[in-house]
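Remarks on the overall topology
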Amino acid sequence: LEHLPFLFWMVEAMQPRGVVTLGTQQGVEHLALCQAVSRLGLDSRCHLVQSIKGQDQQQGAGLDSIIEYNDRSYGAFADVMDCSPVKAAGQFDDGSVDLLLLNIDADEVELEYVFERWHSKLSPQGVVLIPSVSRRDPGYSAFREFDALLSRFPGFAFQHGGGLGLIMVGEQPGDMLT
């Protein structure tokens, strides 16, 4: 929750055409991005990618609530895609995503592997956000994968609230980010 004001600011600063959130966690980030697009009156498309298959009953009920709220409140410009983050990349044109939120469980899939599948989909102003880059729990590797991406692209991290990393992948980041 600590990073939601920053997400809103990112939408305002970037005015993204394409926004993709990979993974729901609790859906807060995707819905916050949609709210920002709605309140700012932007001509953006927002997509939440989450594989529904394999969800336990409690997770499935939570995801159903997110989908219902998404459809009711933001259905005109936002959708939920039922597939894996890697497979979803094939559904997007190269250069069509301005803001990509890698909100996936780093214990289950390597962030860098997912990033490489999405890299070509990012626009010239493309920005990637990676939550939880300050976590150092055993077996959790998001901070290492974020650091590896920082060696290739400019970016920074907020350390509070579990951390939030930002990577500027595009060659033309917006004026507000440089």
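Description of the structure in this document. (Residues numbered from 1 in each chain as written. Predicted model: local features only at pLDDT ≥ 70, side-chain atom pairs only at ≥ 80, totals over all residues. Heavy atoms only, no water.)

Topic: the nonpolar core
What tends to happen in soluble globular proteins is that the nonpolar side chains get buried as a cluster. Note the threshold: The term nonpolar core refers to a set of buried residues drawn from Ala, Val, Leu, Ile, Met, Phe, Trp, Tyr and Cys, joined through side-chain atoms within 4.5 Å. Exposure is judged per residue with a 1.4 Å probe applied to protein chains only, and the accessible area is read against the type maximum: over 50% gives exposed, under 20% gives buried, and values in between give partly exposed. Think of it this way: any DSSP run of H or I at least four residues long counts as a helix, any run of E at least two long counts as a strand, and we number them from the N terminus. Any two residues whose heavy atoms approach within 4.5 Å are treated as being in contact.
Core analysis: the biggest nonpolar cluster contains 27 residues, and Leu22, Leu100, Leu102, Trp118 and Val128 have the highest contact counts within it. Counting residues per element, this core draws most heavily on helix H5 (residues 111–118), which supplies four residues. When near neighbours in sequence (up to four residues on either side) are disregarded, Leu100 contacts Val20, Leu22, Trp118, Leu122, Val127, Val128 and Leu129. One finds Phe6, Val11, Val19 and Phe77 within the second-largest nonpolar core, a separate group that totals 23 residues.

Focus: the packing of H5 against helix H6 (residues 142–150)
The condition that has to hold: To obtain each axis, a line is fitted to C-alpha atoms, and for helices this fit is confined to the stretch in contact; angles are then taken between N-to-C directions over 0 to 180 degrees. The cut-offs work like this: below 35 degrees is roughly parallel, past 145 is roughly antiparallel, 65 to 115 is roughly perpendicular, and the gaps in between are oblique. Classification used: nonpolar for Ala, Val, Leu, Ile, Met, Phe, Trp, Tyr, Cys and Pro, charged for Asp, Glu, Lys and Arg, polar for all others including Gly.
Two elements in contact, H5 and H6, have axes separated by 9 Å at closest approach and are oriented at 40°. In terms of axis orientation, H5 runs oblique to H6. Residue-level inspection shows Leu111, Glu112 and Phe115 of H5 in contact with H6, the latter providing Ala142, Glu145, Ala148 and Leu149. When grouped by side-chain class, the residues that make up the contact of H5 with H6 number five nonpolar, no polar and two charged.

Regarding H6
Spelled out, the test is: An arc is given here, and it is the one of the directions from the helix axis to the C-beta atoms.
Among the residues making up H6, those that are buried are Ala142, Phe143, Glu145, Phe146 and Leu149. Looking straight down H6, one finds that the buried residues subtend no more than 165° of arc, so they occupy a single side. On its buried face, H6 sits against H5, strand E5 (122–131), strand E6 (155–158) and strand E7 (164–168).

Here's the deal with the sheet that holds E5
The cut-off we apply is this: Two strands are counted as paired when DSSP detects at least two bridges linking them.
Taken together, seven strands build an open sheet; the order of strands is E3-E2-E1-E4-E5-E7-E6 and the sheet is mixed. Each edge of the open sheet is held by one strand with a lone partner, namely strand E3 (78–81) and E6. Going from strand to strand, the sheet's axes swing by 15° on average, the running direction of each strand aside. Two strands pair when backbone bridges link them, and E6 and E7 are joined in this way by four bridges, in the antiparallel orientation. Each residue of the ladder has a partner; that of Phe156, found in E7, is Leu166. Helix-sheet contacts for helix H1 (residues 4–14) involve strand E4 (97–102), E5, E6 and E7, and the interaxial angle to E5 is about 180°.

Function cannot be inferred from these measures alone, as they are strictly geometric.
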